[in-house]
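In case you want the letters, here they are:
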Amino acid sequence: MKKIIWFWFFLIFAAQAQATGFVYSPLQIILKTDDNGHAKQEITFYNPSAKPSRLQLSFSEWEIDEISQIKILERTEILDYIKANPQQFTLAPFEEKTIKITCLLPSNYDDKEYKLFLNILEIGYDRKAQNNNPEEKFVNKQIRAGTYIRKGNLSELKDNLKIEEINLRYEKNNFKYEILYKNLGAVHIREPLEAVVYDEKGNLIGKQNLGFLMAFPTQINSLRTFNGQFSFNSLKKVKNIEFNFLKANFTKKVQI
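Only a predicted model underlies this, so the values are computations on that prediction, with no experimental measurement involved. (Residues numbered from 1 in each chain as written. Predicted model: local features only at pLDDT ≥ 70, side-chain atom pairs only at ≥ 80, totals over all residues. Heavy atoms only, no water.)

Student: Teacher, can you tell me more about the confidence of the model for the protein here?
Tutor: Regions with low pLDDT should not have their predicted coordinates read in detail. Here the protein averages 85 in pLDDT, while 83% of its residues score no lower than 70. The weakest mean pLDDT in the protein belongs to helix α1 (residues 2-12) at 39; the strongest belongs to strand β6 (residues 82-85) at 98. For residues 1-19, every residue scores under 50 in pLDDT, and the model assigns this stretch 21 contacts once sequence neighbours within four places are set aside. (pLDDT = per-residue confidence, 0-100. Helix = DSSP H or I, 4+ residues; strand = E, 2+ residues; numbered from the N terminus. Contact = heavy atoms within 4.5 Å.)

If you want it as structure tokens, here you go:
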């Protein structure tokens with residue numbers, strides 16, 4: 001049974017494994033604190049390759065501006081209250097390992113969602129040691145895993161997401177879209193999104209999975225933007241596209 005589970009795990013994260021010597025789960029790390037500000041979460045790493053991978057873990061805090069640009073903050077106090085154990089470890093070929101993340105926020109911290117990254121750096125000590133070609137260069141690879149600490153009684157409600165406008169243009173064989181939204185809640189929303197494509201007679205051409213809209217909280221009187229693109233066969237026949245926000249059970253139609 002365990003081999004079957006890891007087979008599917010490998011398929012889901014194959015793209016990630018091509019770029020690095022490891023995969024991990026869950027991809028989205030959420031720590032919900034109790035009344036004392038304490039929370040913990042386990043992260044499982046797996047090495048699907050035939051070479052060992054040595055990893056080093058750290059945290060950084062970030063914020064997002066009104067046009068959804070991420071800014072890494074300088075060393076902040078909250079990093080003193082979140083720990084990964086162990087912080088450095090080696091994954092042998094086809095080995096899995098579970099690490100623990102814990103946090104303990106002081107009582108004077110506001111009830112809100114705090115945005116961090118778990119920085120997973122492949123430092124490559126083991127691979128260098130096994131490298132028989134001294135001229136071969138090793139490039140350290142890093143993945144930043146979204147990590148959210150939710151302090152207080154916070155909830156993610158679909159009614160908090162308001163889609164104001166979708167701008168769509170066709171460029172270089174791709175449809176590029178910009179979604180203007182408001183998230184009136186206190187936490188970010190991962191909204192599954194798909195595009196449903198119709199021809200000029202209203203006949204269904206097909207559907208395209210667009211992944212997730214990452215909708216971050218915003219003030220009531222402001223908008224945030226989310227950008228993406230997708231391609232589709234038989235582009236000349238496309239007349240209308242419906243953007244389906246699946247969790248919110250909401251559809252917005254855009255005419256080409």
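Student: Teacher, can you tell me more about the pairing of strand β9 (residues 113-122) here?
Tutor: Walk down a regular strand and you will see the side chains alternate between the two sheet faces. Of all 10 residues making up β9, nine are buried, and the element is well covered by its neighbours. In this sheet, β9 lies alongside strand β4 (residues 53-64) in antiparallel orientation, the contact comprising seven bridges. In the sheet register, glutamine 56 faces β9, and the bridge partner there is leucine 121. The pairing of β9 with strand β10 (residues 141-150) spans 10 bridges and is classified as antiparallel. Bridge pairing in β10 places isoleucine 120 opposite isoleucine 143. (Buried < 20%, exposed > 50% of the residue type's maximum accessible area, 1.4 Å probe, protein only. Pairing = 2+ DSSP bridges.)

Student: How should the sheet that holds strand β1 (residues 23-25) be read in this particular structure?
Tutor: Working definition: the strands of a sheet are paired by backbone hydrogen bonds and lie parallel or antiparallel to each other. What the four strands build is an open sheet, ordered β1-β3-β8-β6; its pairing is antiparallel. The two strands at the open ends of the sheet, each matched to only one other strand, are β1 and β6. Looking at each pair of strands side by side, their axes are set apart by 25 degrees on average, direction ignored. Sheet topology places β1 next to strand β3 (residues 38-46); three bridges connect them, and they run antiparallel. Pairing of valine 23 across the sheet is with tyrosine 46, part of β3. (Axes fitted to C-alpha atoms, helices over the stretch in contact; angles between N-to-C directions.)

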